[in-house]
Amino acid sequence: MLFSSLRTLSFRGPSVASRAFSTSPVARAAEVKSLGVIGAGQMGLGIALVAAQKAQVPVTLVDNSQGSIDKGLKFADKLLEKDVAKERLTREAADIVRSRITPTLKMDDLSSVDFVIEAVPEIPDLKTSIFSKLAQIAPKHAILATNTSSISITKIAAATTTDPKDLQAASRVISTHFMNPVPIQKGVEIISGLQTSQETIDTALKFMERMGKVSSVSADSPGFLANRILMPYINEAIICLETGVGGREDIDNIMKNGTNVPMGPLTLADFIGLDTCLAIMNVLHQETGDSKYRPSGLLKRMVEAGWKGRKAGKERTCNKTTAQENNNNPTCATQNLQNMSKQLQITLSTSLVLAEQLQSAFSAPPPSSSSPSGDLSAKDALPLLSAAATELKSQVTKLSLLTITSPFTHTAVTSVLATMNESVLPSLVTAALLVTPSVHTKAFRAEVESQAKTALREVLALLKEVQTVAGKNDAATSRSDLSQTEKEAVTVAAGRVWDVCDALVDIAAKGVVGFVVRRVEEWRDLVRDAVEEIEEWDPDEEGDEFFDEILSDKGDDNDNDNDDDDDDEDSENESNAALHEQKKTSVRILKPVAQIYPAIVKHRLGSVPELSSSLAGKLELLMQNLQHIPGLIDEVAGALYEENTEKCVQYLVRVRNCANKVMLSVEIPWDADGSSTGDKFTAWSRTWLKVMDEVSKPILDSGSSK
């Protein structure tokens, strides 16, 4: 009765999008003749294989790593060989399926496909970056699908355009969330965002049917359908076990025999992984704020104890019993602890070696313009750098908290380290290597490289602290809390990583132009301070006469030397007068030089067009000249203090020449063509050059007379 009543209700999730966008000239529910899959991991490879076999369409498999592609295709060959061995496929049919999959490292090869499915790791910035590119690369009719299990489809769709009103690409974005493993599980969730059109939904449903999948349509909500229903069901079963409502066998048996499910909820949780169940419940609880999604206390404790289930490849002896039975089984507990400790030590050692080896990646000569990682280019560097640094800070936060919190949880620490090893640290280095001198300037690349190497060094220091804590826990005969000093050592090491991550995020946010502005402002302050110091200096101020008397060769009888003293005094007065004049000339030249720094920041660096190799070269030259001036002014000041007017003139000429080069390089706007007459700053620059010529005449005349 209940089910028949529910059948009369219609799903209204995508109705807003349908009514708003169904008349747009976007993708139609037409037959999909070709597929693109981004990501050659377990999910991406599974999707590609099923599409090639069931839907019988050519598949372009994209990944930025040749190693990942080779590994994925090897796995595909293994699955096909298994089907041939079991006579589910003939050898000829298997070869045809395999021939339909074409691997590539270039996302541009997706320019002619009808349907794209992205299956990369669950990193929001990575996915949005990919969809931003897909909107430009894929045909205007192509469906742009993601395999995400948690990220908002509306957010991903928004990344396809900078104008929220432009729905040309956004209306074609949808999620096709396949169940794992893809070749075996028939279920797939279809999730639409606010922008998704009805035509996109219809096309996705039709293509999933061709792939042999059974689709369920879901709204863009935390957990979607499968996890929103399944995880509370499993969680409630664990609560029943925890509170004594029923035993393990009773709970599983009643659900198998009473509702005709193939396995009970506790057995299913064992197969899925208790840590995965806990993670999903935490997301549901946090995103909805509903107490019905609060994870079971027993589930939390079992994960903390390291009992994750069969997915870890271990026997279920411990997972088959209740918490009380496990407490009474010291052999089982000891065996689990030893296994977890061994796995953690292996992962920690891998992390330490990886952090050291990644630093050597910067030893190679920097690439001029080519990308070090497949489809990624220099333009991807800063978004990827920001995403990687943000994720590194997040993982380091987790790692430090897990390390100092009692009890020490081996599996949780191992999981965080594995994530850092597999994606976070390699992504950080890849992003840093994508910063090239030809696009970002040599100075900017040097800054990013320096910060990235610092990040790796600080991560290495933190890992050593974690290793120390892990070793202490393994050696202890009973559980003991860390001392305050030990905790501070971990948190201080983590804090250093946070600082450099924040610096990298700031660098990425401000970009090359922001970096140049910061450096120019630093040099502006140096020039301003030096000029003020010269202005405040008084050539008439007497030195330390005490030392002059001690070092003098004169005796006590100086009566006969009065005439000589008078001559010396006259000479000194003439020298001081000349020094005053030289100081005045120096200040008249240096003050206009100090003006060019704030002027350039405001009028030329305030509005810079999109970076190109040509513009990068101009910025590089500008920085070189502006950086050189403070050192030259210091030499001018030193020469004045030494009363060396000849040396002072020489360095003033060099300051003047360097400043002139700067002004000539920024006289015309960055994007102006050869026929441009310039702007207001052009007129100001030309006036400045005339003023500099006028105030420099004394030193130029002096130089020519010599």
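Residues numbered from 1 in each chain as written. Predicted model: local features only at pLDDT ≥ 70, side-chain atom pairs only at ≥ 80, totals over all residues. Heavy atoms only, no water.

The following threshold applies: UniProt positions are given in the numbering used here, feature names are shortened, and annotations may be inferred rather than shown by experiment.
Looking at an unreviewed UniProt entry, one finds the chain named 3-hydroxyacyl-CoA dehydrogenase and attributed to Aspergillus taichungensis. The UniProt entry for the chain carries the following comment under Sequence similarities (unreviewed entry): "Belongs to the 3-hydroxyacyl-CoA dehydrogenase family."

## Overview of the nonpolar core
Basically, it comes down to this: Here, the term nonpolar core denotes a set of buried Ala, Val, Leu, Ile, Met, Phe, Trp, Tyr and Cys residues that are joined through side-chain atoms within 4.5 Å. Accessible area is worked out with a 1.4 Å probe on protein chains only. A residue is then buried under 20% of its type maximum, exposed over 50%, and partly exposed in between. Under the DSSP-based scheme used, a helix requires at least four consecutive residues in state H or I and a strand at least two consecutive residues in state E, with every element numbered from the N terminus. Residue ranges assigned to the domains are those given by an automatic or database domain assignment. Throughout, a residue-residue contact means that at least one pair of heavy atoms, one from each residue, lies within 4.5 Å.
Residues Leu392, Leu399, Ile596, Ile600, Leu605, Leu626 and Ile629 are the most contacted members of the largest nonpolar core, which totals 106 residues. If you tally residues by element for this core, the top one is helix α20 (residues 484-536), at 20 residues. Viewed by domain, this core spans two of them, domain 3 (335-359 + 378-509) and domain 4 (574-702), each represented by three or more residues. Not counting the four nearest positions on each side in its chain, isoleucine 600 is found in contact with Leu605, Leu622, Leu626, Val662, Val666 and Phe681. Counting 40 residues, the second-largest nonpolar core is a separate cluster that includes Val37, Val84, Phe115 and Val188.

## Description of the sheet that holds strand β2 (residues 59-62)
How we decide: Two strands are counted as paired when DSSP detects at least two bridges linking them. Note on geometry: axes are lines fitted to C-alpha atoms, helical ones only across the stretch in contact, with angles between N-to-C directions running from 0 to 180 degrees.
A sheet is described by the order of its strands in space; here 8 strands give the open sequence β3-β2-β1-β4-β5-β6-β7-β8, paired in mixed fashion. This sheet does not close on itself; its edge strands, each paired only once, are β3 (101-104) and β8 (214-218). Recorded for the sheet is a direction-independent mean angle of 25° between the axes of neighbouring strands. Direction of pairing for strand β4 (residues 115-118) relative to strand β5 (residues 143-146): parallel, over a ladder of 4 bridges. Counted as the bridge partner of valine 116 is leucine 144 from β5. Along the sheet face, helix α8 (residues 198-210) touches β1 (35-38), β4, β5, β6 (173-178), β7 (187-192) and β8 and points at about 30° away from the line of β6.

## Brief notes about the packing of aromatic side chains
Which entries qualify depends on this criterion: Any Phe, Tyr or Trp ring, taking Trp's six-membered ring, that has another such ring centre within 6.5 Å forms a pair; planes under 30 degrees apart are called stacked, those over 60 apart edge-to-face, and the others tilted.
The final tally for this structure, using the stated rule, is 4 aromatic pairs. Ring centres 5.4 Å apart and planes at 75° place the aromatic pair phenylalanine 444 and phenylalanine 515 in the edge-to-face group. Residue phenylalanine 444 is found in helix α19 (residues 442-475), and its partner phenylalanine 515 is found in helix α20; the two are separated by 71 residues along the sequence. Exposure remark for phenylalanine 444: the relative accessible area of 0% places this residue in the buried category. Between phenylalanine 681 and tryptophan 684, the ring centres sit 5.5 Å apart and the planes meet at 15°, which makes this aromatic pair stacked. Residue phenylalanine 681 and its partner tryptophan 684 are located together in helix α25 (residues 680-695), separated by 3 residues, close to a single helical turn. The class for phenylalanine 681 is buried, based on a relative accessible area of 4%.

## Looking at the pattern of salt bridges
Here is the rule: The term salt bridge refers to a side-chain nitrogen of Lys or Arg lying within 4 Å of a carboxyl oxygen of Asp or Glu.
Under the counting rule described, the total for this entry stands at 24 salt bridges. Residue glutamate 31 pairs with arginine 210 through a salt bridge whose shortest N-O separation is 4.0 Å. One end of the pair, glutamate 31, is in the loop between α2 (15-21) and β1; the other, arginine 210, is in helix α8, with 179 residues separating them in the sequence. Across the pair aspartate 506 and lysine 510 runs a salt bridge, and its minimum N-O distance is 3.6 Å. Of the two residues, aspartate 506 and lysine 510 are both situated in helix α20; the distance of 4 residues between them amounts to about one turn of the helix. It is possible to trace a salt-bridge network through shared partners that takes in Glu447, Arg518, Arg519 and Glu522.

## Considerations on the confidence of the model for the chain
Put simply, the test is: Within a predicted model, pLDDT stands for the predictor's per-residue confidence, ranging from 0 to 100.
With 82% of its residues at a pLDDT of 70 or more, the chain has an overall mean of 82. When the criterion is pLDDT under 50, residues 368-374 qualifies, and its contacts beyond four places in sequence or with other chains add up to 13 contacts. Note on residues 544-548: pLDDT under 50 across the span, and 0 contacts to partners over four residues away in sequence or across chains.

## A look at a positive patch on the surface
How we decide: Surface patches are drawn from residues lacking salt bridges whose relative accessible area is over 30%; two like charges belong together within 9 Å, two nonpolar side chains (Val, Leu, Ile, Met, Phe, Trp, Tyr) within 5 Å. Surface exposure here means Shrake-Rupley accessible area, sampled with a 1.4 Å probe, where a residue is shielded only by the protein chains that are shown. Only four residue types enter the charge count: Lys and Arg as positive, Asp and Glu as negative, with His and the chain ends excluded. Taken as the charge centre is NZ of Lys, CZ of Arg, CG of Asp or CD of Glu, depending on the residue.
Taken together, the side chains of Lys74, Lys78, Lys82 and Lys86 present a region of like positive charge at the surface. You can see lysine 78 is positioned in helix α4 (residues 66-85). Judged by its relative accessible area of 59%, lysine 78 is exposed.

## Some remarks on the side chain of glutamine 395
Along the chain, glutamine 395 falls in helix α16 (residues 381-404). Setting aside its immediate chain neighbours within four residues, glutamine 395 contacts Val416, Thr419, Met420 and Val424.

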